[in-house]
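Observations on the three-dimensional arrangement
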Amino acid sequence: MSEDVNPFESLQEQIDDAAGYLDVSEDVLTRLKHPERVLETNLTIEMDDGSLETFPAYRSQFNGDRGPYKGGIRYHPGVDRDEVKALSGWMVYKCATVDIPYGGGKGGIVVDPRELSDGELERLTRAFAEELRPIIGEDRDIPAPDVNTGQREMNWIKDTYETLENTTAPGVITGKAIESGGSEGRVEATGRSTMLTAREAFDYLGRDIGDATVAVQGYGNAGSVAARLLEQELGASVVAVSDSSGAVHDPDGLDTAAVKEFKRETGSVTGYEDATEELSNEELLTMDVDLLVPAALENAIDGDLARDVEADVIVEAANGPLTPEADDVLTERDVHVFPDILANAGGVTVSYFEWVQNRQRFYWPESRVNDELERHVVDAFEGLVDAYESNDLPNFRTAAYVVAIRRVVDAYEEAGTWP
Ligand code: NAD
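Note that the coordinates shown come from a computational prediction; the quantities given were computed from them, not determined experimentally. (Residues numbered from 1 in each chain as written. Predicted model: local features only at pLDDT ≥ 70, side-chain atom pairs only at ≥ 80, totals over all residues. Heavy atoms only, no water.)

**Remarks on the pattern of salt bridges**
Convention followed: By definition, a salt bridge exists where a carboxyl oxygen of Asp or Glu is found within 4 Å of a side-chain nitrogen of Lys or Arg. In DSSP terms, a helix is any run of H or I states spanning at least four residues, a strand is any run of E spanning at least two, and both are numbered starting from the N terminus. For each residue, the accessible area found with a 1.4 Å probe, counting protein chains only, is set against the maximum for its type, and the residue is called buried under 20%, exposed over 50%, and partly exposed in between.
Evaluation of the coordinates by the stated rule reveals 38 salt bridges. Of the charged contacts in the structure, one is a salt bridge between Arg 207 and Asp 290, with a shortest N-O distance of 2.9 Å. Of this pair, Arg 207 sits in the loop between α6 (189-204) and β6 (213-217) while Asp 290 sits in the loop between α9 (281-285) and β10 (291-294), placing them 83 residues apart in sequence. The exposure class assigned to Arg 207 is partly exposed, which follows from its relative accessible area of 32%.

**Examining the domain arrangement of the chain**
This is how the line gets drawn: Note that the domain bounds were set by an automatic or database domain assignment. Here a residue-residue contact requires only that any non-hydrogen atoms of the pair lie within 4.5 Å. Defined here as a combined quantity, buried area equals the accessible surface (1.4 Å probe) lost by two parts on assembly, summed across both. Charged residues are taken to be Asp, Glu, Lys and Arg, nonpolar residues to be Ala, Val, Leu, Ile, Met, Phe, Trp, Tyr, Cys and Pro, and polar residues to be all remaining types, Gly included.
In terms of domain boundaries, the chain breaks down into domain 1 (35-175) and domain 2 (189-341). The distance between the C-alpha centroids of domain 1 and domain 2 comes to 28 Å. Taken together, the contact between domain 1 and domain 2 spans eleven residues of the former and six residues of the latter. When the two sides are added together, the surface that domain 1 and domain 2 hide from each other amounts to roughly 750 Å², 58% of it contributed by carbon and sulfur. A salt bridge links Arg 74 to Glu 298, with the shortest nitrogen-to-oxygen separation between them at 2.7 Å. Mapped onto the side of domain 1 that touches domain 2, the elements with two or more residues apiece are β3 (69-76) and α3 (81-97). Taken together, the residues of the side of domain 1 that touches domain 2 sort by class into four nonpolar, two polar and five charged.

**Observations regarding the site of the ligand**
Definition in use: Here, proximity means that at least one heavy atom of the residue falls within 4 Å of the molecule or strand. By the criterion applied in these results, polar contacts are pairs of N or O atoms within 3.5 Å in which, for protein atoms, one can donate a hydrogen and the other can accept it, and in which residues neighboring in sequence qualify only through two side-chain atoms. Every accessible area reported is derived by Shrake-Rupley at a probe size of 1.4 Å, with residue values counting cover from the shown protein chains alone.
Neighbouring residues of the ligand: 23 residues in total, closest Thr 190, Asn 221, Ala 222, Asn 281 and Asn 319. Contacts to the ligand include Asp 146, whose side-chain N or O atom sits 2.9 Å from an oxygen atom. For the ligand, whose free accessible area comes to 820 Å², the fraction covered by protein is 84%. Of all the secondary-structure elements, those providing two or more residues to the shell around the ligand are α7 (221-232) and β7 (237-243). For the shell around the ligand, the class distribution of residues is seven nonpolar, eleven polar and five charged.

**Quick word on helix α11 (residues 324-332)**
Considered for burial, the residues of α11 that qualify are Pro 324, Ala 326, Asp 327, Val 329 and Leu 330. As for α11, its buried residues are in contact with α1 (7-19), α10 (303-306), β11 (313-315), β12 (336-338) and α15 (396-414). Two residues or fewer after α11 comes Asp 334, characterised by a positive phi angle close to 60 degrees.

**So, α15**
To be explicit about the condition: Given the number of residues in a helix, its expected span is that number minus one, multiplied by 1.5 Å.
Here α15 contains 19 residues, and its C-alpha end-to-end distance of 27 Å stays within 8% of the 27 Å for a straight helix at 1.5 Å per residue. Turning to α15, its buried residues number three or more, namely Phe 396, Arg 397, Thr 398, Ala 399, Ala 400, Tyr 401, Val 402, Val 403, Ala 404, Ile 405, Val 408 and Val 409. Sitting at the head of α15, Asn 395 places a side-chain oxygen 3.3 Å from the backbone nitrogen of Arg 397. At the C-terminal side of α15, Gly 416 shows a positive phi close to 75 degrees.

**Observations concerning the side chain of Gln 217**
Its place among the elements puts Gln 217 in strand β6. For Gln 217, a relative accessible area of 6% translates into the label buried. Within the local environment of Gln 217, its side chain forms a polar contact with the side chain of Asn 281, the two groups lying 3.1 Å apart. Not counting the four nearest positions on each side in its chain, Gln 217 is found in contact with Ser 242, Asn 281, Leu 284, Leu 285, Val 293, Pro 294, Ala 295, Ala 296 and Ala 300.

**Examining the nonpolar core**
Our working rule: Put simply, a nonpolar core is a bunch of buried Ala, Val, Leu, Ile, Met, Phe, Trp, Tyr and Cys residues held in one set by side-chain atoms that sit within 4.5 Å of each other.
One finds Leu 32, Tyr 93, Leu 230, Val 241, Leu 291, Tyr 401 and Ile 405 to be the most contacted residues of the largest nonpolar core, which totals 87 residues. Each of domain 1 (35-175) and domain 2 (189-341) gives at least three residues to this core. Each residue touching Tyr 93, except ones within four places of it in the same chain, is listed here: Leu 11, Ile 15, Leu 32, Ile 341, Tyr 401, Ala 404, Ile 405 and Val 408. Among the nonpolar cores identified, the runner-up in size contains 24 residues, and Ile 45, Ile 73, Ala 127 and Ile 173 belong to it.

**Description of the packing of aromatic side chains**
Geometry of an aromatic ring pair is reported as the spacing of the ring centres plus the angle between the planes. So the rule is basically this: Centres within 6.5 Å make a pair out of two Phe, Tyr or Trp rings, where for Trp the six-membered ring is used; the pair is then stacked when the planes are under 30 degrees apart, edge-to-face when over 60, and tilted otherwise.
Here the structure, examined in full by the defined rule, presents twelve aromatic pairs. Each ring, one from Phe 262 and one from Tyr 272, has its centre 5.7 Å from the other, and the planes form 70 degrees; the classification is edge-to-face. With a gap of ten residues between them, Phe 262 in helix α8 (residues 256-266) and Tyr 272 in the loop between α8 and β9 (277-279) connect regions that are remote in the sequence. We note that Phe 262, like Tyr 272, is buried. Ring geometry for Phe 338 and Phe 381: centres 5.7 Å apart, planes at 20 degrees, overall stacked. In this pair, Phe 338 is assigned in strand β12 and Phe 381 in helix α14 (residues 366-390), connecting sequence segments 43 residues apart. A single burial state applies to Phe 338 and to Phe 381, both of which are buried.

As structure tokens, then:
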């Protein structure tokens, strides 16, 4: 893992790489590489012992040319301004890749939520919602969950916003509980798009995913669902999974649901009794498997580690898990990387369906959600392959950015110039 690669610079490099294959002028390119605005704030809340504590927080609204800003809110001690800017930019190009009518945004609070009580977390979340209120809205900026946030935090943000605005506006945020206006299928959506991308990728490469061995780094929402669907819906053998405590391995395939249950009970995957051995996180990333799914955080694989990667195919469930140098090394080594802005786009795609349902006050069954998601992922995959082949591009990430940047630039140019 490389701590010193700035994810915002990685994003800018990815845009530059793709722009080399597009007819985009330098001045428009500058716009594509910088956020429109970033809110930086400090949230002071009362802790349970009566003391006050202050937490820095950010919301970046990167680009709104294709629709309202859209993107998650992360609670993590490593959150900083550049990380939030990068994540908001990836959202722009992710929404454009799967062709949903949103721009990109992202937010975060510098906090380790494990150190806060539920009451402290609720006060912190409501304080953030109050700061966000003037700049978010159903047609303006629509947050969602990300690392260490989920339905509970989304419900608090919705409730704070609706109370202060004296209205009902469930579409102001997505990833809510069903009872608060959430969508069927939303919790699984990110892992589902990762599974669908892997299925399409193996099909495209002429390989059988049912025979594939899989290693998954990060057994949270995205990674554990992807692992379970790869095993249960496609018959792949998930031989290793990890979380921040380390990795577990079974060459005959792990029972992904049982590992998930074990993690729910104990807080980590390590110690899972039916594994044959425990591995370090680095050992998992360099295992000789058919498919590697990084599903933890940014920069998990840098240039050095990429030289030791033995997987044939990588499908990125996490955002930005490869550094640009790792990308170059893997392209050179003919490892096929299917990028985050396609593979984890299920989360934002079903967020879009949630928002559509909220606006219409008409709710879909899970089967319709999953069918519509599959259609979006398969269409996007075909568009990416078409760009890859017809432009003779070096890898699928560049192909995704070529498709996405073209869509954002078209929207910007069609709108004309003002003021
Ligand atoms: P999560 O908090 O549910 O899970 C993250 C997991 O990664 C945890 O199990 C954690 O222990 C593990 N982890 C952290 N550091 C690790 C390390 N060094 N090695 C191995 N494991 C490690 O978060 P999530 O929602 O699953 O998000 C994971 C990634 O997917 C992030 O990059 C996020 O931006 C991306 N993503 C998530 C969604 C979503 O809907 N949840 C949507 C799109 C993208």
